[in-house]
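# Summary of structural features
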Amino acid sequence: MATTTAAQRREQARGEYDAFLRSCPTNQLLDRLSDKWVSLVVSALAPGPRRYSDLARKIAGVSPKMLTQTLRTLERDGILTRTVTPSVPVRVDYELTPLGSNLALLLTAVKDWAETHFDEVHAARRRYDTDNTDV
């Protein structure tokens with residue numbers, strides 16, 4: 001069995017996505033999807049379309065700049081659509097695409113897991129901190 005060099009492995013990986021490789025585009029996508037604002041925006045849009053102001057109220061702590069940036073990157077990635085309705089004032093709605101709805105299943109599950117298991121995680125942190133005070 002012939003061995004392959006690192007360069008050959010990288011070349012082969014270009015044809016097959018491998019998120020463990022830093023240069024792989026899926027690694028970069030995972031980096032984006034693991035952002036907490038992305039997770040919260042996608043989860044907030046899971047039930048249906050929302051206006052910008054509705055999202056800003058729903059997602060506590062997000063700055064207008066960060067919300068706008070997050071919405072733009074999700075639109076660019078095909079996760080959501082932005083619909084502008086000409087009126088006074090202009091109405092802008094955000095809605096998940098089919099790709100975004102598929103992602104929402106996963107991210108909403110992670111959000112729900114965090115809400116369900118936070119007390120257990122908090123207790124584990126307290127135990128760890130107590131047991132490792134001398135370290």
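The structure presented is a predicted model; accordingly, all values stated were derived computationally and were not measured. (Residues numbered from 1 in each chain as written. Predicted model: local features only at pLDDT ≥ 70, side-chain atom pairs only at ≥ 80, totals over all residues. Heavy atoms only, no water.)

### Things to note about helix α3 (residues 36-45)
- In terms of residue burial, α3 counts as a mostly covered element, since eight of its 10 residues are buried.
- Within α3, burial applies to Trp37, Val38, Ser39, Val41, Val42, Ser43, Ala44 and Leu45.
- The N-terminus of α3 is capped by Asp35, whose side-chain oxygen sits 2.9 Å from the backbone nitrogen of Trp37. (Buried < 20%, exposed > 50% of the residue type's maximum accessible area, 1.4 Å probe, protein only. Helix = DSSP H or I, 4+ residues; strand = E, 2+ residues; numbered from the N terminus. Polar contact = N/O pair within 3.5 Å; in protein donor to acceptor, adjacent residues only side chain to side chain.)

### Details of helix α6 (residues 98-131)
- End to end, α6 covers 47 Å across 34 residues, agreeing with the expected 50 Å (1.5 Å per residue, within 8%).
- At His117, α6 shows its largest kink, close to 60 degrees.
- Inspection of α6 places Gly100, Leu103, Ala104, Leu107 and Ala123 among the buried residues, and these make up the whole buried set.
- Summarising the contacts, the buried residues of α6 are in contact with α2 (25-33), α3 and β3 (91-96). (Expected span 1.5 Å × (residues − 1). Bend = angle between axes of the 7 residues up to and from the residue. Contact = heavy atoms within 4.5 Å.)

### Some remarks on the packing of α3 against helix α5 (residues 64-76)
- Where α3 meets α5, the axes come as close as 10 Å, and the angle between the chain directions of the two elements is 75 degrees. Here α3 is positioned roughly perpendicular relative to α5, judged by the angle of their axes. For the pair formed by α3 and α5, the contact residues are Trp37, Val38, Val41 and Val42 on the first element and Met66, Leu67, Thr70, Leu71 and Leu74 on the second.
- Residues belonging to the contact of α3 with α5 are distributed by class as follows: eight nonpolar, one polar and no charged. (Axes fitted to C-alpha atoms, helices over the stretch in contact; angles between N-to-C directions. Parallel < 35°, antiparallel > 145°, perpendicular 65-115°, else oblique. Nonpolar A, V, L, I, M, F, W, Y, C, P; charged D, E, K, R; others polar.)

### A word on the nonpolar core
- In this structure, Val41, Val42 and Leu80 are the most contacted members of the largest nonpolar core, which totals 21 residues.
- For this core, the elements supplying multiple residues, two or more each, are α3, α5, β3 and α6.
- Top contributing element to this core by residue count: α3, with six residues.
- Contacts of Leu80, omitting those with residues within four sequence positions, involve Val41, Leu45, Leu71, Leu74, Glu75, Tyr94, Glu95, Leu96 and Thr97. (Core = buried A, V, L, I, M, F, W, Y, C linked by side-chain atoms within 4.5 Å.)

### Things to note about the packing of α3 against α6
- Here α3 crosses α6 at 110 degrees, and the two axes come no closer than 8 Å. Judged by the inter-axis angle, α3 sits roughly perpendicular to α6. For the pair α3 and α6, the sense of crossing is left-handed. Counting all contacts with α3, which are made through Val38, Ser39, Leu40, Val42 and Ser43, the residues of α6 involved are Gly100, Leu103, Ala104, Leu107, Thr108 and Lys111.
- A per-class count over the contact of α3 with α6 returns six nonpolar, four polar and one charged. (Left-handed = near helix turned anticlockwise from the far one by under 90°.)

### Topic: the sheet that holds strand β1 (residues 50-51)
- Read across the sheet, three strands follow the order β1-β3-β2 without closing on themselves; strand pairing throughout is antiparallel. Taken across any chain shown, the strands that pair with only one partner, and hence form the sheet edges, are β1 and β2 (80-85).
- By the bridge criterion, two bridges tie β1 to β3 in an arrangement that is antiparallel. Residue pairing for β3: Arg51 is matched across the bridge by Asp93. (Pairing = 2+ DSSP bridges.)

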